[in-house]
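So you can see what is in the structure, the chains are spelled out below.
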Amino acid sequence: LNCASNTLFFIAQLDVIPLDVKRLKAESGDPEKYYNSLLDLISKNREYVVAVGECGLDYARLHFCDKSTQLTYFERQFSLARSTGLPMFLHSRDAEADFVRLVQENMDSIPKAGVVHSFTGTMKEMEDLVSLGFHIGINGCSLKTEDNLKVAAAVPLEKLHVETDAPYCEIRPTHASFQYVQTKFPSVKKHNWQPGKLIKSRNEPCTVVQVLEVLSAIKNTPLEELATTIYSNTMKLFFDK
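The structure presented is a predicted model; accordingly, all values stated were derived computationally and were not measured. (Residues numbered from 1 in each chain as written. Predicted model: local features only at pLDDT ≥ 70, side-chain atom pairs only at ≥ 80, totals over all residues. Heavy atoms only, no water.)

S.K.: How should the environment of leucine 57 be read in this particular structure?
M.R.: If you trace the backbone, leucine 57 turns up in strand S2 (residues 49-58). Considering only alpha carbons, one finds leucine 57 and leucine 90, 33 residues apart in sequence, at a separation of 8.5 Å. (Helix = DSSP H or I, 4+ residues; strand = E, 2+ residues; numbered from the N terminus.)

S.K.: Would you mind showing me how to read helix H7 (residues 146-154) here?
M.R.: A turn of α-helix holds 3.6 residues, and therefore any two residues three or four places apart point the same way. Within H7 the residues assigned to the buried category are Asn148, Leu149, Val151 and Ala152. Along the axis of H7, the buried positions cluster into a sector of 165 degrees, meaning they face one direction only. Of the residues in H7, the exposed ones pointing more than 90 degrees away from the buried face are Asp147 and Lys150. Residues of H7 that are buried sit in contact with helix H6 (123-131), strand S5 (135-138) and helix H8 (208-218). (Buried < 20%, exposed > 50% of the residue type's maximum accessible area, 1.4 Å probe, protein only. Arc of directions from axis to C-beta. Contact = heavy atoms within 4.5 Å.)

S.K.: How do you make sense of the environment of leucine 71 when you look at a structure like this?
M.R.: One can find leucine 71 in helix H4 (residues 67-84). A C-alpha to C-alpha distance of 8.4 Å links leucine 71 and glycine 56, two positions 15 residues apart in sequence. For leucine 71, the contacting residues outside a window of four places in its chain are Leu57, Tyr59, Asp98, Arg101 and Leu102.

S.K.: How should I be thinking about the pairing of S2 in this particular structure?
M.R.: Across a regular strand the side chains alternate sides, sitting on one face of the sheet and then on the other. The buried count for S2 comes to 10 of 10 residues, which makes it a mostly enclosed element. In this sheet, strand S3 (residues 88-93) lies alongside S2 in parallel orientation, the contact comprising six bridges. Note on S3: the bridge partner recorded for glycine 56 is histidine 91. Handedness of the crossover joining S2 and S3 through H4 is recorded here as right-handed. (Pairing = 2+ DSSP bridges. Right-handed = clockwise from strand over helix to strand, strands pointing away.)

S.K.: Help me understand the packing of aromatic side chains, please; the structure alone is not making it clear to me.
M.R.: For any pair of aromatic rings, the description rests on two quantities: the centre-to-centre distance and the angle between the ring planes. Tallied over the full model, the rule gives two aromatic pairs. Relative to phenylalanine 99, the ring of phenylalanine 74 has its centre 5.7 Å away and its plane inclined at 5 degrees; by these criteria the two rings are stacked. With phenylalanine 74 in helix H4 and phenylalanine 99 in helix H5 (residues 96-105), this residue pair connects regions lying 25 residues apart in the sequence. Across the pair, exposure class does not vary: phenylalanine 74 and phenylalanine 99 are buried alike. Every member of this aromatic cluster is reached through a ring pair, and the members are Phe74, Phe78 and Phe99. Looking at lysine 67, its charged tip hangs above the ring of tyrosine 59, at a distance of 4.7 Å from the centre. Positioned above the aromatic ring of tyrosine 35 is the side chain of arginine 76, whose terminal nitrogen or guanidinium carbon lies 4.9 Å from the ring centre. (Phe/Tyr/Trp six-rings, centres within 6.5 Å; stacked < 30°, edge-to-face > 60°. Lys NZ or Arg CZ within 6 Å of the ring centre and 35° of its normal.)

S.K.: What am I meant to see in the packing of H7 against H8 here?
M.R.: The angle between the axes and the distance between the axes are what describe a pair of packed helices. Remark: H7 packs on H8, axes separated minimally by 9 Å, with the N-to-C direction vectors making an angle of 80 degrees. By the angle class used here, H7 and H8 are roughly perpendicular. On H8, the residues that touch Leu149, Ala152 and Ala153 of H7 are Val214, Leu215 and Ile218. Here the residues of the contact of H7 with H8 are counted per class, giving six nonpolar, no polar and no charged. (Axes fitted to C-alpha atoms, helices over the stretch in contact; angles between N-to-C directions. Parallel < 35°, antiparallel > 145°, perpendicular 65-115°, else oblique. Nonpolar A, V, L, I, M, F, W, Y, C, P; charged D, E, K, R; others polar.)

S.K.: Looking at this structure, I do not really get the side chain of threonine 164. What am I missing?
M.R.: Turning to its location among the elements, threonine 164 is positioned in the loop between strand S6 (160-162) and strand S7 (187-188). A relative accessible area of 11% places threonine 164 in the buried class. Polar contacts involving the side chain of threonine 164 include one to the main-chain amide nitrogen of alanine 166, which spans 3.1 Å. Setting aside residues no more than four positions away along its own chain, threonine 164 makes contact with Asn139, Cys169, Asn203, Glu204, Pro205, Thr207 and Val208. (Polar contact = N/O pair within 3.5 Å; in protein donor to acceptor, adjacent residues only side chain to side chain.)

The structure is reproduced here in structure tokens:
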């Protein structure tokens, strides 16, 4: 919120990521009080907060937070979207059945649906979420395999978003999508940092153009046209007051 209130190019979203939800009880001792504080924070900063999130389920890293705790607190977080009328910014990793089920059961609480970011799910999961009105966020992690590319290519244009999830999820030479990347950025090791060069293996916002180039190729859609459509999707979802 500090950045969003003092810098033109920042916006904010508020909630608790799935791998951290166990801290709600451990640190606050009162999860309900914590949620009320989030709601109050959103209410007082509506000009800067555009979404509830990032929240969801992550079964790929259960050593950080067990499944039962994630399920309990993910369901509770839908109330923030209901109370604020904001779209949700969602995370789903290796949790397709539970994730889609909970979203379906709570659609009445999500007046503006939202976006499932860094999407790595199956074709069916993508189709189920799109049918519920959700948008799909694509980054380097969404484009690792040939199966990933098929899913990304099938996302309807009007439901498509691009992202980097920096400093993670870069497109790597080992990814199936790398063959479609046209824009390359010079990089150096961290201890050799130089202006104008990326740090090796650290993703940056500028690489979003690479995601766009891959999508342009696999969807056979001109780059400029695709960029315009995705920009429009973003504005309608997060800034259409």
